[in-house]
Amino acid sequence: MIKVVILGTGNIAKHLYDAFLGNGTINIEQVVGRSSKALVYFKKSTPVSKDYKSIKDADIFIIAVSDDSIQAVSKILTGKAGLIVHTSGSVSVKALAPNKNVGVFYPLQTFSMNRPINFKAVPVCLEADKKKNLQLLRKLAESISDNVHLLSSTQRKHIHLAAVFANNFTNHMYHLAHKICEENKVSFDILKPLILETADKIVHLTPYTVQTGPARRKDTKTMQSQLEQLTNQWHKKIYEDVSSSILSTYERDHQN
């Protein structure tokens, strides 16, 4: 049985808690957080505390807080005998110093508080300072996920950057598309089959090969017309910059 303490009460903490709960190889010893309201979710099945000075002993301490708070929480754990890990994609394992047994347990997924997720399909990226610690982390990860990867801090930072482009920036584009639909009294639902088809295509093909649209075709007349439709200067700049990037990417094709 792996004894775990979760420090934090946000989206990642909640989803890890849900994945660990009822797992035959994991016992959640405690959830620690500063918000009484947020701790209500956990207290039905697990001891909780607002006091970071009363943290129970465990095999693994999972710091699931904002990137800016990782070092501060890590220092509170100085002297604990267990393995101390954080869940960030962009923070180095060195942020957990001066603790001796440290690692990273990074679930590569977008988490929303009230949306259930199948953790078995979530890629979990691991890193640890010692072989025995990596073995323990791997045992924990494989108990909840079928998609476990060993990555260095440098690799993880690059993957996190790629995820920002693939997920965060893409979702912002959906938001802008949603606004255009709303402003013109058209339901955003009309775009959903297109969004799903694009997502499905890159499961089977590379993004490079499935690119379509005016910039891909170098259809300057359509691009100019669409720029004139946009009244928000930020939106115009996004359209221009992304179109320029696509034009540059396929420049050789346009020359042939």
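Residues numbered from 1 in each chain as written. Predicted model: local features only at pLDDT ≥ 70, side-chain atom pairs only at ≥ 80, totals over all residues. Heavy atoms only, no water.

Focus: the nonpolar core
Stated formally: Residues enter a nonpolar core if they are buried and are Ala, Val, Leu, Ile, Met, Phe, Trp, Tyr or Cys, with the set joined through side-chain atoms within 4.5 Å. Burial status follows relative accessibility: with a 1.4 Å probe on protein chains alone, a residue under 20% of its type maximum counts as buried, one over 50% as exposed, and anything between as partly exposed. Where helices and strands are cited, they refer to DSSP runs of H or I of at least four residues and of E of at least two residues respectively, numbered from the N terminus. Contacts were defined at the residue level, with two residues in contact if any of their heavy atoms lie within 4.5 Å.
Judged by nonpolar contacts, the single largest core of 29 residues is most densely connected at V4, F20, I60, F105 and L140. No other element matches helix α1 (residues 11-20), which puts five residues into this core. Leave out the neighbours within four places in its chain, and I60 touches I2, K3, V4, V5, L83, V85, L136, L137 and L140. The next biggest cluster of nonpolar side chains, apart from the first, holds 21 residues, and it includes A58, F61, I70 and V93.

Considering helix α10 (residues 233-249)
An α-helix turns once every 3.6 residues. As a result, residues three or four positions apart point the same way. Counted only if it meets this: Here, expected helix span is obtained from the residue count minus one, scaled by 1.5 Å. It is the directions from the helix axis to the C-beta atoms that the arc portrays. Residues adjacent in sequence count toward polar contacts only when both atoms are side-chain atoms; beyond that, a polar contact is any pair of N or O atoms within 3.5 Å, and within protein one must be able to donate a hydrogen and the other to accept it.
Between its first and last C-alpha atoms α10 spans 24 Å; for 17 residues at 1.5 Å apiece the expected length is 24 Å, and the two agree. Those residues of α10 that sit buried are H235, Y239, S243 and I246. For α10, the arc enclosing every buried residue in end-on projection is 60°, short of the 170-degree limit, so these residues lie on one face. Those residues of α10 that are exposed and aimed more than 90 degrees away from the buried face are Q233 and W234. Close packing links the buried residues of α10 with α5 (153-183), α8 (214-217) and α9 (220-229). With a side-chain oxygen positioned 2.8 Å from the backbone nitrogen of W234, the residue opening α10 is N232.

A look at the pairing of strand β7 (residues 124-128)
Convention followed: Paired strands, as defined in this entry, are two strands with at least two bridges between them according to DSSP. With the strands pointing away from the viewer, any crossover whose connection runs clockwise from the first strand over the helix to the second is right-handed.
With respect to burial, β7 is a largely interior element, four of its five residues being buried. Alignment of strand β6 (residues 102-107) against β7, held across five bridges, turns out to be antiparallel. Counted as the bridge partner of F105 is L126 from β7. Between β7 and its parallel partner strand β8 (residues 148-150), the chain crosses via helix α4 (residues 131-144), and the hand of that crossover is right-handed.

Some details on the environment of A19
Turning to its location among the elements, A19 is positioned in helix α1. Given the relative accessible area of 19%, A19 is considered buried. For A19 and I144, which are 125 residues apart along the polypeptide, the C-alpha to C-alpha distance reads 6.3 Å. Sequence-distant contacts of A19, that is, excluding residues within four places in its chain, are made with F119 and I144.

Things to note about the sheet that holds strand β1 (residues 2-7)
Rules: Comment: axis = line fitted to C-alpha atoms, over the contacting stretch for helices; angle = value between 0 and 180 degrees taken between N-to-C directions.
Strand order in the open sheet formed by eight strands is β3-β2-β1-β4-β5-β6-β7-β8, and the pairing between neighbours is mixed. The sheet terminates laterally at β3 (48-49) and β8, the two strands that pair on one side only. Of the pairings in the sheet, the one linking β1 to strand β2 (residues 26-32) comprises six bridges and is parallel in character. Pairing of V5 across the sheet is with Q30, part of β2. Against the sheet, α5 engages β5 (83-86), β6, β7 and β8, with an angle of about 25° to β6.

So, to be careful, I would describe these as geometric facts and stop short of saying anything about function.
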